[in-house]
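# Structural description and commentary
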Amino acid sequence: MSPDTAPTRPHVIDPAGGCPHALNARLRAGGSVADVVLPGGVPGAVVLGHEALKEFLAHPDAAKDARHFPALHDGTIAPDWPLRVFANAQGMHTADGADHRRLRSLVGNAFTARQVERLRPRIEQLTADLLDDLGRAAAEAPDATADLRTHFALPLPMSVICELLGVDPEHRGRLHRLSNTVIIATDTTPAEAMAAVRELVELMGTIAAGRREEPGDDLTSALIAAREGDGDRLSEAELIGTMRLMLVAGHETTLNLISNAVRALCTHRDQLALVQEGKATWSDVVDETLRWDGPVSWFPFRYPARDLTVDGTVIPQGTPVLAGYTAAGRDESFHGPDADRFDITRPTAARNLSFGHGAHYCIGAPLARLEATIALERLFTRFPDLDLAVPEPELPHQRSFIGNSVESLPVRLGRP
């Protein structure tokens with residue numbers, strides 16, 4: 001890249017990731033765009049500032065299709081590069097223009113605000129059942145603690161998205177393990193990543209085969225009907241890629257969102273009190289969590305179709321660019337000098353970019369918001385004294401520079 005100031009050494013990304021906020025602040029001090037070296041020694045960039053990221057995400061020449069990433073195809077990058085999974089997948093998240101609109105239209109009707117609201121009773125029932133399970137787990141544990149991720153934050157969005165797509169319950173544990181390995185855990189070896197990708201694609205094929213044999217009132221069956229009824233509308237690779245996107249993104253991000261909100265409220269009891277006293281809403285909690293500690297940190301990839309100038313820095317054509325969502329969330333130039341403070345009354349919180357911006361804005365955002373809002377309200381209504389079972393700094397952070405949360409979340413429920 002060519003910034004207006006003297007060049008600095010690119011940041012070498014640690015595949016093990018960790019809490020991103022100190023790193024984001026250091027890099028953001030040097031500008032809204034930073035050079036990085038991706039795992040495998042691949043040069044790239046990350047956009048860190050709120051306004052810069054908003055501009056970049058909506059730019060017509062910031063492409064998602066990996067044909068705009070020459071190094072991926074000319075032998076420069078090894079065939080077993082673990083991050084190929086993000087570039088090679090076929091679906092609406094890696095398509096541009098008419099292809100993107102075609103693929104997005106096939107699933108869009110399932111995620112409108114009206115259709116998502118129809119899921120409310122089912123989400124509320126699942127939430128109630130899982131809170132019972134969480135209570136039993138804590139009651140049966142010798143130290144009266146339970147892992148909130150295992151017993152609540154994971155199974156809620158996993159159950160909802162799997163029911164929506166017609167995935168049988170026996171596949172769900174394996175699906176989470178594989179999606180975590182392929183998408184979230186960026187410290188895996190190339191061999192482990194490639195094996196997990198193959199297994200995940202195979203699992204998607206098994207799920208699709210089941211819906212072909214027994215079609216139902218689910219999104220997978222609808223996608224298969226589009227594929228088989230009109231072959232040029234949805235290829236087999238696009239079918240598998242779309243299913244994988246829906247199933248992985250449909251639970252991993254909401255799992256992290258719920259986990260991060262619980263951590264924030266437990267360590268900011270004054271903010272929890274505002275909601276419990278009716279001075280703020282659970283939607284405010286969700287918005288501020290998305291801004292302050294979003295579920296996705298640096299997400300791959302977009303590729304400039306030509307040299308692009310973003311906030312005074314030229315990002316060369318073909319550069320793989322990460323969207324720095326957690327960095328933009330604490331950008332003081334947009335959110336104010338106290339951007340590092342968790343404040344659910346913050347007027348700019350709802351303008352966070354954690355679900356993206358522009359044509360690729362997260363299609364599942366209404367569902368994730370509804371799930372998180374119901375989950376937090378029912379959790380803290382049932383267990384108003386819920387607290388972390390260990391000091392927050394001791395919680396093990398996800399080993400990822402893409403996902404942003406903790407690997408486990410042990411809590412004590414207190415009296416219901």
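Residues numbered from 1 in each chain as written. Predicted model: local features only at pLDDT ≥ 70, side-chain atom pairs only at ≥ 80, totals over all residues. Heavy atoms only, no water.

### So, the side chain of Thr 254
Counted only if it meets this: Helix and strand labels come from DSSP, where a helix needs a run of H or I of at least four residues and a strand needs a run of E of at least two; each type is numbered from the N terminus. Contacts are assigned to residue pairs that have any heavy atoms within 4.5 Å of one another.
The topology assignment puts Thr 254 in helix H12 (residues 236–266). Setting aside chain neighbours within four positions, we find Thr 254 in contact with Pro 157, Ala 368 and Glu 371.

### Structural notes on the sheet that holds strand S4 (residues 62–63)
Rules: For two strands to pair, DSSP has to find at least two bridges joining them. For every element, the axis is a line fit to its C-alpha atoms; helices are fit only across the contacting stretch, and the angle between N-to-C directions ranges from 0 to 180 degrees.
Spatial ordering of the open sheet is given by S1-S2-S3-S9-S6-S4, a layout of six strands whose pairing is mixed. Strands with a single pairing partner mark the edges of an open sheet, and in this sheet they are strand S1 (11–12) and S4. Across three bridges, strand S3 (residues 42–47) lies against strand S9 (residues 321–324) in parallel orientation. Bridged to Ala 45 within S9 is Val 321. Helix H2 (residues 50–58) rests against S3, S4, strand S6 (298–304) and S9 of the sheet, and its axis sits at about 130° to S9.

### Thoughts on the packing of aromatic side chains
Our working definition: For this analysis, a ring pair means two rings from Phe, Tyr or Trp (six-membered ring only for Trp) whose centres lie within 6.5 Å, classed as stacked if their planes differ by under 30 degrees, edge-to-face if by over 60, and tilted for the remaining angles. Exposure categories follow from relative accessible area, calculated using a 1.4 Å probe and restricted to protein chains: below 20% of the type maximum is buried, above 50% is exposed, and the middle band is partly exposed.
As enumerated under the stated definition, the model contains nine aromatic pairs in all. Ring geometry for Trp 282 versus Phe 380: centroids 6.0 Å apart, planes at 15°, classification stacked. Taken together, the residues Trp 282 in helix H14 (residues 282–292) and Phe 380 in helix H17 (residues 365–382) connect sequence positions 98 residues apart. On the basis of relative accessibility, which here comes to 12%, the residue Trp 282 falls in the buried class. Phe 380 sits in the buried class, given a relative accessible area of 3%.

### Here we look at helix H13 (residues 269–276)
Quick reminder of the rule: The arc in question is the one traced by the directions running from the helix axis out to the C-beta atoms.
Of the residues making up H13, those classed as buried are Gln 271, Leu 272 and Val 275. The buried side chains of H13 occupy one side of the element, clustering within an arc of 100° when seen end-on. On the buried face of H13, the contacting elements are H12, H14 and H17.

### Things to note about the sheet that holds strand S11 (residues 410–412)
Strands sit in the order S5-S11-S10 across an open sheet of three strands; the sheet is antiparallel. The open sheet terminates on both sides in strands that have one partner only, identified here as strand S5 (145–147) and strand S10 (387–388).

### Looking at the packing of helix H8 (residues 155–165) against helix H9 (residues 172–184)
Quick reminder of the rule: Oblique is the label for every angle not falling under 35 degrees (roughly parallel), over 145 degrees (roughly antiparallel), or within 65 to 115 degrees (roughly perpendicular). Classes in brief: Ala, Val, Leu, Ile, Met, Phe, Trp, Tyr, Cys and Pro nonpolar; Asp, Glu, Lys and Arg charged; the others, Gly included, polar.
Direction vectors running N to C along H8 and H9 enclose 110°, while the axes themselves pass 11 Å from each other. In terms of orientation, H8 lies roughly perpendicular with respect to H9. On H9, the residues touching Met 158, Ser 159, Cys 162 and Glu 163 of H8 are Arg 172, Leu 175 and His 176. Looking at side-chain class alone, the contact of H8 with H9 contains three nonpolar, two polar and two charged residues.

### Here we look at the pattern of salt bridges
Quick note on the threshold: Salt-bridge detection follows one rule: a side-chain nitrogen of Lys or Arg within 4 Å of a carboxyl oxygen of Asp or Glu.
Throughout the structure, instances matching the rule amount to 26 salt bridges. Of the charged contacts, one joins Arg 211 and Asp 218 as a salt bridge, the two residues approaching to 3.6 Å between their closest N and O atoms. Each of the two residues, Arg 211 as well as Asp 218, counts as buried. Between Glu 288 and Arg 346 there is a salt bridge; the shortest N-O distance is 3.3 Å. Of this pair, Glu 288 sits in helix H14 while Arg 346 is found in the loop between helix H16 (332–335) and H17, placing the two residues 58 residues apart along the sequence. Looking at Arg 346, the relative accessible area reads 7%, which means it is buried. Three or more residues are tied together by salt bridges with common partners; here these are Glu 288, Arg 291, Asp 338, Arg 341, Asp 343 and Arg 346.

### Thoughts on unusual backbone geometry
Put simply, Pro 300 and Phe 301 share a cis peptide bond, and its omega is -20°. With respect to the helices and strands, the residue Phe 301 is situated in strand S6. In this structure, Ala 144 is a non-glycine residue whose phi angle is positive, near 60°. Looking at where Ala 144 falls in the secondary structure, it is placed in the loop between helix H6 (120–140) and S5. The exposure class assigned to Ala 144 is partly exposed, which follows from its relative accessible area of 39%. Residue Asp 311 is not a glycine yet carries a positive backbone phi of 50°. Tracing the sequence through the fold places Asp 311 in the loop between strand S7 (308–310) and strand S8 (313–315).

### Overview of the nonpolar core
The criterion, for reference: Residues grouped as a nonpolar core are buried Ala, Val, Leu, Ile, Met, Phe, Trp, Tyr and Cys residues, joined through side-chain atoms within 4.5 Å.
Of all hydrophobic cores here, the largest spans 131 residues; its most connected members are Leu 148, Val 262, Leu 379, Phe 380 and Leu 386. Sort the elements by how many residues they give to this core and H12 lands first, with 15 residues.

### A short note on H2
Taken together, the buried positions of H2 are His 50, Ala 52, Leu 53, Phe 56 and Leu 57. Seen along its axis, H2 keeps its buried residues to an arc of 160°; they face one direction.

### What about the environment of Ala 110?
If you trace the backbone, Ala 110 turns up in the loop between helix H4 (97–108) and helix H5 (113–117). Judged by relative accessible area, which is 19%, Ala 110 ranks as buried. Sequence-wise, Ala 110 and Gly 364 are 254 residues apart; in three dimensions their C-alpha atoms are separated by 9.0 Å. Sequence-distant contacts of Ala 110, defined by excluding residues within four places in its chain, comprise Gln 115, Val 116 and Leu 219.

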